[in-house]
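Here's the letter readout for the chains.
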Amino acid sequence: MREFYTQQQMRFDEPAASRAVTSALNDPGLAQIYLIFRGQELAGYFTLTFCFSLEFHGSFGLLDELYLREPYRRQKLGKAVVAFAEDLCRKAGIEALRLEVGRENQPAQSLYRTAGFKEDERNLMTKWL
């Protein structure tokens, strides 16, 4: 996570991240964390979380984090991960999968558009409490 957050210039709070990961590992109905391997090498990870929204008629999946280390990019791993996350959602009866991507992250945006994701007409806004 630290590597991913550093690359994306996001704030990384290790104690808070540790608590969040522990919560996810203790409750798979809240979130699921997957490590991505290429052979014996750790290539990255992704997190699929589960949310509820009237707009999406109940539960929806959030591909919360997808990180591939630099040597493993552009090898179709991202495409495989997105397909795997979609399959997990379908098996759980979830009909919508959402994600966030940095405005400057053109390679990731291309991956997601190719996989069928479309930009929403509304901006996502956040307030830390």
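Predicted model, so just to flag it, every value in this text is computed and none were measured. (Residues numbered from 1 in each chain as written. Predicted model: local features only at pLDDT ≥ 70, side-chain atom pairs only at ≥ 80, totals over all residues. Heavy atoms only, no water.)

What about the nonpolar core?
Next up, step 1: Ranked by size, the top nonpolar core spans 18 residues in total, and within it Ile36, Phe46, Leu63, Leu66, Leu97 and Tyr112 carry the most contacts.
Next up, step 2: Elements supplying a minimum of two residues to this core: strand E2 (41-53), strand E3 (58-68), helix H3 (77-91) and helix H4 (106-114).
Next up, step 3: Sort the elements by how many residues they give to this core and H3 lands first, with five residues.
Next up, step 4: Apart from residues lying up to four places away in sequence, leucine 97 is in contact with Leu48, Gly61, Leu62, Leu63, Ala85, Glu86, Cys89 and Phe117. (Core = buried A, V, L, I, M, F, W, Y, C linked by side-chain atoms within 4.5 Å. Buried < 20%, exposed > 50% of the residue type's maximum accessible area, 1.4 Å probe, protein only. Helix = DSSP H or I, 4+ residues; strand = E, 2+ residues; numbered from the N terminus. Contact = heavy atoms within 4.5 Å.)

Looking at H3
Next up, step 1: End to end, H3 covers 21 Å across 15 residues, agreeing with the expected 21 Å (1.5 Å per residue, within 8%).
Next up, step 2: Residues of H3 that are buried: Leu77, Gly78, Val81, Val82, Ala85 and Cys89. Projected onto a plane normal to the axis of H3, the buried residues spread over an arc of 140° and lie on a single side. Residues of H3 that are exposed and point more than 90 degrees away from the buried face comprise Lys79, Arg90 and Lys91.
Next up, step 3: Close packing links the buried residues of H3 with strand E1 (31-38), E2, E3, strand E4 (97-99) and H4. (Expected span 1.5 Å × (residues − 1). Arc of directions from axis to C-beta.)

A word on the confidence of the model for the protein
A low pLDDT means the predicted coordinates there should not be read in detail.
Next up, step 1: Summary statistics for the protein give a mean pLDDT of 94 and a share of 100% for residues scoring 70 or more.
Next up, step 2: Of all helices and strands in the protein, the one with the weakest mean pLDDT is helix H1 (residues 2-7) (88), whereas E4 scores best (97). (pLDDT = per-residue confidence, 0-100.)

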